[in-house]
Amino acid sequence: MDWTWFHKWGSPKWFYELSGKWLPWLVGSMVLCLTVGIVWALLFVPQDYQQGLTNRIFYVHVPVASISLAFFPLMAIAGTVFLVWRMKLADVVVKVAAPLGAWFTALALASGSIWGVDTWGTWWIWDGRLTSLLLQFFLLLGVVSLRTALEDSEGAARACALLSIVGCINVVVIKYSVDWWNTLHQPSTDFSIAADQANGPEIWVPLVFMILAVYLFFAISLILSTRNEILQREKRSQWVMELVKRS
Amino acid sequence: MRPHRRKRLGIILFIATGLSVAIGLTLYALSQNIDLFYTPTQVAQGEVAAGQRIRIGGMVREGSVVSADDSLAVEFVATDYVHDVPIFHEGILPDLFREGQGIVVEGSLDTAGVFQASRVLAKHDENYMSPEVKAALDAAGASSESHQMQPGT
């Protein structure tokens with residue numbers, strides 16, 4: 001098997017140049033999806049038969065919560081690549097993804113709380129779903145502080161990679177918490193193709209736009225902070241110095 | 001893949017699998033304690049002692065809600081359509097509270113077997129639709145039910 005495609009990722013310079021070309025396209029598609037999605041979701045989606053207008057926070061909460069579950073798997077893959085192949089770029093991803101993930105998890109918790117206070121009648125309850133997501137928030141803060149707590153940067157990188165792999169187990173718990181246990185949180189929705197059924201296209205089509213927008217926003221934030229970290233780590237290298245001189 | 005890399009990957013996979021199994025077994029053992037609420041059936045089977053602070057989850061039985069005229073006191077029956085638990089609550093109910101709605105109540109059973117709730121929370125399900133779709137579904141459901149009942153009546 002030819003591994004050159006894989007080893008290219010070992011070059012921060014190669015990634016920096018390539019991602020610079022992706023960014024305008026990603027930003028353009030995000031703005032498009034976000035405009036369509038948010039206008040549709042907030043103004044044109046029919047009011048819910050039970051929850052009325054409150055239900056529209058669904059279009060923020062679901063995309064944010066679903067992307068927040070992607071961080072540990074992403075960091076675990078990057079962490080494994082770093083541990084096995086000692087690829088520098090992979091460690092950069094583990095490092096920059098942790099604080100981003102903490103922000104997205106905090107947003108999921110906050111939007112869920114706002115939804116909960118209006119429908120359930122409480123901001124917070126210690127049920128399986130809410131508690132396991134809060135645990136993810138603290139685990140991500142743990143990865144962030146582990147990095148700063150260890151002085152040896154190589155050792156910190158390995159410890160963070162390992163914690164990221166272990167943290168993945170919690171993602172499975174979050175995902176299935178609503179099926180395994182009695183919770184106040186509702187289970188995942190099964191969307192329907194038919195227009196005359198519950199959860200039909202009038203509900204999920206705008207959700208698809210919002211999910212795309214939030215996923216693109218995630219990709220853009222990850223790429224921007226990865227590029228930033230690359231520049232800081234490679235500041236003494238020839239290509240970064242030339243880049244600074246040119247600008 | 002070089003041998004030392006294959007070895008490192010093997011160690012990582014071993015640690016990850018071992019931890020998943022350990023945590024999986026722990027959660028399986030704890031699953032009873034992680035449940036947020038007891039069901040009316042569990043209460044009827046005597047799993048709960050009077051005075052113990054617990055949560056009960058169920059549906060508000062249709063036609064069971066009685067509110068006091070001069071206070072916020074309300075009585076209703078929580079049911080899982082197998083067993084019932086009478087609930088007493090004095091306080092503000094969530095907007096989604098209505099007959100047939102899923103609820104979670106927090107409090108304790110008194111000696112008479114009435115659950116004295118200090119807090120009532122509304123559950124909502126994972127189905128979202130417009131009032132028009134809901135009405136159409138209800139109409140279709142009602143007609144098929146009456147259709148089913150005809151042979152018996």
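About the cut-offs
Residues numbered from 1 in each chain as written. Chains lettered and ligands numbered in written order. Predicted model: local features only at pLDDT ≥ 70, side-chain atom pairs only at ≥ 80, totals over all residues. Heavy atoms only, no water. Helix = DSSP H or I, 4+ residues; strand = E, 2+ residues; numbered from the N terminus. Buried < 20%, exposed > 50% of the residue type's maximum accessible area, 1.4 Å probe, protein only. Contact = heavy atoms within 4.5 Å. Areas by Shrake-Rupley, 256 points an atom, 1.4 Å probe, with all protein chains shown as cover. Lys, Arg positive; Asp, Glu negative; His and termini not counted. Charge placed at Lys NZ, Arg CZ, Asp CG, Glu CD. Buried area = accessible area lost by both parts, 1.4 Å probe. Salt bridge = Lys/Arg side-chain N within 4 Å of Asp/Glu carboxyl O. Polar contact = N/O pair within 3.5 Å; in protein donor to acceptor, adjacent residues only side chain to side chain. Axes fitted to C-alpha atoms, helices over the stretch in contact; angles between N-to-C directions. Parallel < 35°, antiparallel > 145°, perpendicular 65-115°, else oblique. Core = buried A, V, L, I, M, F, W, Y, C linked by side-chain atoms within 4.5 Å. Phe/Tyr/Trp six-rings, centres within 6.5 Å; stacked < 30°, edge-to-face > 60°. Left-handed = near helix turned anticlockwise from the far one by under 90°. Nonpolar A, V, L, I, M, F, W, Y, C, P; charged D, E, K, R; others polar. Pairing = 2+ DSSP bridges.

Engineer: So what exactly am I meant to see when it comes to the overall build of chain A here?
Structural biologist: Per the secondary structure count, chain A includes nine helices and zero strands. Along the chain direction, N to C, the helices and strands of chain A fall in the order α-α-α-α-α-α-α-α-α. Seen through its principal axes, chain A has C-alpha atoms that stretch 60 × 35 × 35 Å. A burial count over chain A gives 49% of its 247 residues as buried. Expressed as a percentage of contacts within chain A between residues at least 6 apart in sequence, the contacts between residues at least 24 apart total 72%. By element, 70% of the accessible surface of chain A is carried by carbon and sulfur atoms, the whole surface being about 12,000 Å². Measuring between centres, the 17 positive side-chain charges of chain A sit 13 Å from its 16 negative side-chain charges.

Engineer: Would you mind going over the interface of chain A and chain B with me for this structure?
Structural biologist: Where the parts come together, the accessible area they lose is often given as the size of the interface. Counting residues at the interface gives 45 residues for chain A and 39 residues for chain B. Between chain A and chain B lies a buried interface of about 3,900 Å² when both sides are counted; carbon and sulfur atoms form 62% of it. For the chain A face of the interface with chain B, the top three residues by lost area are Y49, W181 and N182 of chain A, together amounting to 18%. Joining chain A to chain B, the criterion identifies zero salt bridges. Applying the counting rule to chain A against chain B returns 17 residue pairs in polar contact (both at pLDDT 80 or more).

Engineer: Is there a simple way to explain the packing of helix α6 (residues 128-149) of chain A against helix α7 (residues 153-180) of chain A in this structure?
Structural biologist: A pair of packed helices can be characterised by two numbers: the angle between their axes and the separation between those axes. Between α6 of chain A and α7 of chain A, the least distance of the axes is 9 Å, while the angle of their chain directions is 170°. In this view, α6 of chain A runs roughly antiparallel relative to α7 of chain A, as classed from their interaxial angle.

Engineer: Is there a simple way to explain unusual backbone geometry in this structure?
Structural biologist: One can expect most non-glycine residues to show negative phi and most peptide bonds to be in trans. Residue and element names in this part refer to chain A. Look at R86: it is not a glycine, yet its phi comes out positive at around 55°. The topology assignment puts R86 in the loop between α4 (71-85) and α5 (88-119). With phi around 60°, N199 is a residue other than glycine that occupies positive phi space. Relative to the helices and strands, N199 resides in the loop between α7 and α8 (201-233).

Engineer: Would you explain the environment of W22 of chain A in this entry?
Structural biologist: Relative to the helices and strands, W22 of chain A resides in helix α2 (residues 12-44). A sequence separation of 198 residues divides W22 of chain A from I220 of chain A, and the C-alpha atoms of the two residues are 9.2 Å apart.

Engineer: Hey, could you run me through the nonpolar core in this one?
Structural biologist: Residue and element names in this part refer to chain A. Counting residues in hydrophobic clusters, the biggest one holds 49 residues, and the most contacted among them are F71, M75, F104 and I230. Elements with a contribution of two residues or more to this core: α2, α3 (58-68), α4, α5, α6, α7, α8 and α9 (238-246). In terms of residue count, α5 provides more of this core than any other element does, 13 residues in total. When residues no more than four places from it in sequence are discounted, the contact partners of M75 are V94, A97, A98, L140, V143 and S164.

Engineer: I'm lost on the packing of aromatic side chains in this one. Help?
Structural biologist: The way to describe two aromatic rings as a pair is by their centre distance and the angle between their planes. All names here are of chain A. In this structure the tally under the stated criterion is 19 aromatic pairs over all chains. The interplanar angle of 55° and the centroid separation of 5.4 Å between the aromatic rings of Y16 and W239 together place this pair among those described as tilted. Placement of the pair is Y16 in helix α2 and W239 in helix α9, with a sequence separation of 223 residues. Each member of the pair, Y16 as well as W239, is classed as buried. Ring plane angle 40° and centroid distance 6.1 Å describe the contact between W40 and F209, whose orientation is recorded as tilted. Residue W40 is located in helix α2, and its partner F209 is located in helix α8; the two are separated by 169 residues in the primary sequence. By relative accessible area, which is 30% here, W40 ends up partly exposed. An aromatic cluster of at least three residues, connected via ring pairs, comprises W9, W14, F15 and W22.

Engineer: What exactly am I supposed to notice about the packing of α2 of chain A against α8 of chain A here?
Structural biologist: All names here are of chain A. Put simply, α2 and α8 touch, their axes get as near as 7 Å, and they point 150° apart. In terms of orientation, α2 lies roughly antiparallel with respect to α8. In terms of crossing hand, the pair formed by α2 and α8 is left-handed. Split into classes, the residues belonging to the contact of α2 with α8 amount to 27 nonpolar, five polar and one charged.

Engineer: Honestly, the side chain of S19 of chain A in this entry has me stumped. Any pointers?
Structural biologist: Residues and elements named next belong to chain A. Structurally, S19 can be placed in helix α2. There is a polar contact of 3.2 Å between the side chain of S19 and the backbone oxygen of Y16. Not counting residues up to four positions away in its chain, the partners in contact with S19 are I223 and R227.

Engineer: Got a minute to help me understand the pattern of salt bridges in this structure?
Structural biologist: Side chains that differ in sign of charge can pair as their charged atoms come close. Residue and element names in this part refer to chain A. All chains considered together, the criterion is met by 13 salt bridges over all chains. The residue R86 makes a salt bridge to E154 at a minimum N-O spacing of 3.8 Å. Residue R86 is located in the loop between α4 and α5, and its partner E154 is located in helix α7; the two are separated by 68 residues in the primary sequence. Look at E154 and you get partly exposed, because its relative accessible area is 34%. Across the pair D91 and R147 runs a salt bridge, and its minimum N-O distance is 3.1 Å. With D91 in helix α5 and R147 in helix α6, this residue pair connects regions lying 56 residues apart in the sequence. Here the two residues D91 and R147 agree in accessibility, since each one is buried.

Engineer: Quick question: what am I supposed to make of the pairing of strand β5 (residues 102-109) of chain B here?
Structural biologist: Consecutive residues of a regular strand have side chains that alternate between opposite faces of the sheet. All names here are of chain B. For β5, the tally of buried residues reaches eight of eight residues, placing the bulk of the element in the interior. In this structure, strand β1 (residues 54-60) lies alongside β5, joined through six bridges in antiparallel fashion. If you follow M59 over to β5, its bridge partner there is G102. Judged from the seven bridges that link them, β5 and strand β6 (residues 115-122) form a sheet pairing that is antiparallel. Along β6, the bridge assignment pairs V105 with V120. Between β5 and β6, which pair antiparallel one after the other, the connecting turn spans five residues, and G113 there sits at a positive phi close to 90°.

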